[in-house]
Amino acid sequence: MTEPETSHLFPQGQPTTPPRSHPLPLDSTAQLLTRITAQLGSQLSHVRLNGTRTSMTPTARPALVAVAHGSRDPGALRTVTALLERVRELRPGLDVRLGHIELNRPLLPDTLAALEGQAVVVPLLLGRGHHVKHDIPHTLATAGRHLSARVAAPLGPHPLLVEALYGRLVEAGWHLDARTVRGTGVVLAAAGSRDPDSAADTRRTAMLLSERLGGVPVLPAYSSAASPTVPEALRALAARGRHRVAVASYFTAPGRFAAESAAKAPWIAAAPMGAHPAMARLVLHRYEEALTRTPTTARDAEFAPTLTPALLSA
């Protein structure tokens, strides 16, 4: 057998061995294992426990569903809408939605029905009353299994809430001097609830507000379901020589109770806390706080209707 002809491939007098190419660097075993592990981890992150594949798009943060009570006062919806606009400005890209317990649309069940995946329900309510302990969990229990939700604590009590109360008092004309301080007091006008936890939360807020005002006495008072009423609290302060009394509006938004309480003020009456910047920060604080809790499905809410452990942190 003759050798293959190669003289046409190499000039005369040049070696007949082909030129050497530069070999590509080889990864070490450790580097290969690291790359394989990373790729497997990336792929497995898109596989559910039942073997089905999730979307390859980045996971969005749970929606924030703010729950307002609702009011026949048209200013209530405008105020809550302005508050949520502030929340969106503080957290661009976050899906922020609104649902009402009654009287205004959208109602909470409708808001939840339009969502899929995960959500954090943030009550725009100020204490642990019936709506927080029963109405919201019941609504979640009937929302359907398409949604997994965490329920945040109510807004109060919290120092940011006190900053909003203080800010509204200052806007209304609050000031103290050596001549007036001994005759000054504040009534913290709230809606009222038969739940003793709600009353305890309001008393706690009154104490924090008193500290914020330098020790000026602050008495809680209620428009319904509890005592004292605003007139009774005013008389109690007058009996202590406090005739220069401001009414602090312990309401998220305008409404009948807020207006009636303000009308009884012998000195100044603050506006509801509404879209105060501290309120927007507090809504986001409750949202982030709730993300540390285990999500609740409709079935969970059905068998644990009060969800009180998730609502007690302040």
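In this text the structure is predicted, and so the values were computed from the model without any measurement. (Residues numbered from 1 in each chain as written. Predicted model: local features only at pLDDT ≥ 70, side-chain atom pairs only at ≥ 80, totals over all residues. Heavy atoms only, no water.)

Caption draft 1: Highlighting unusual backbone geometry. The amide bond that connects Gly156 to the next residue, Pro157, takes the cis arrangement and shows omega of -5 degrees. Note that the residue after Ser227, namely Pro228, is joined by a cis bond; omega there is 5 degrees. Within the secondary structure layout, Pro228 lies in the loop between β6 (218-222) and α7 (230-239). In this structure, Leu103 takes a positive phi of about 75 degrees despite not being glycine. Of note, Leu103 is situated in the loop between β2 (96-100) and α3 (108-113). Unusually for a residue other than glycine, Ala225 sits at a positive phi of about 70 degrees. (Helix = DSSP H or I, 4+ residues; strand = E, 2+ residues; numbered from the N terminus.)

Caption draft 2: Highlighting the packing of aromatic side chains. According to the stated counting rule, one finds one aromatic pair in the structure shown. With a centroid separation of 5.6 Å and 45 degrees between ring planes, the pair formed by Trp174 and Trp267 is classed as tilted. Here Trp174, found in the loop between α5 (159-172) and β5 (184-190), pairs with Trp267, found in the loop between α8 (256-263) and α9 (277-290); they are 93 residues apart in sequence, far enough to count as distant. By relative accessible area, which is 10% here, Trp174 ends up buried. The exposure class assigned to Trp267 is partly exposed, which follows from its relative accessible area of 26%. Taking the ring centre of Tyr166 as reference, the NZ or CZ of Arg212 above it sits at 3.9 Å. For the cation-ring pair, Arg244 lies above Trp267, with the distance from its terminal atom to the ring centre recorded as 3.8 Å. (Phe/Tyr/Trp six-rings, centres within 6.5 Å; stacked < 30°, edge-to-face > 60°. Buried < 20%, exposed > 50% of the residue type's maximum accessible area, 1.4 Å probe, protein only. Lys NZ or Arg CZ within 6 Å of the ring centre and 35° of its normal.)

Caption draft 3: Layout of the packing of α5 against α9. The interhelical angle for the contact between α5 and α9, taken along N-to-C directions, is 165 degrees, at an axis separation of 8 Å. Here α5 is positioned roughly antiparallel relative to α9, judged by the angle of their axes. The handedness of the crossing between α5 and α9 comes out as left-handed. Residues Leu160, Leu161, Glu163 and Ala164 of α5 form the contact with α9, whose own contacting residues are Ala278, Met279, Arg281 and Leu282. Residues that form the contact of α5 with α9 fall into these classes: six nonpolar, no polar and two charged. (Axes fitted to C-alpha atoms, helices over the stretch in contact; angles between N-to-C directions. Parallel < 35°, antiparallel > 145°, perpendicular 65-115°, else oblique. Left-handed = near helix turned anticlockwise from the far one by under 90°. Contact = heavy atoms within 4.5 Å. Nonpolar A, V, L, I, M, F, W, Y, C, P; charged D, E, K, R; others polar.)

Caption draft 4: Just the sheet that holds strand β7 (residues 244-249), in detail. With parallel pairing, three strands are arranged side by side in an open sheet as β6-β5-β7. Strands at the two margins of the open sheet, each flanked by one partner only, are β6 and β7. Across the sheet, the axes of successive neighbouring strands diverge by a mean angle of 30 degrees, strand direction being ignored. In this sheet, β7 lies alongside β5 in parallel orientation, the contact comprising six bridges. Of the residues in β7, the one forming a bridge with Val186 is Ala246. Set on the sheet, α5 makes contact with β5 and β7; between it and β7 the angle comes to about 130 degrees. (Pairing = 2+ DSSP bridges.)

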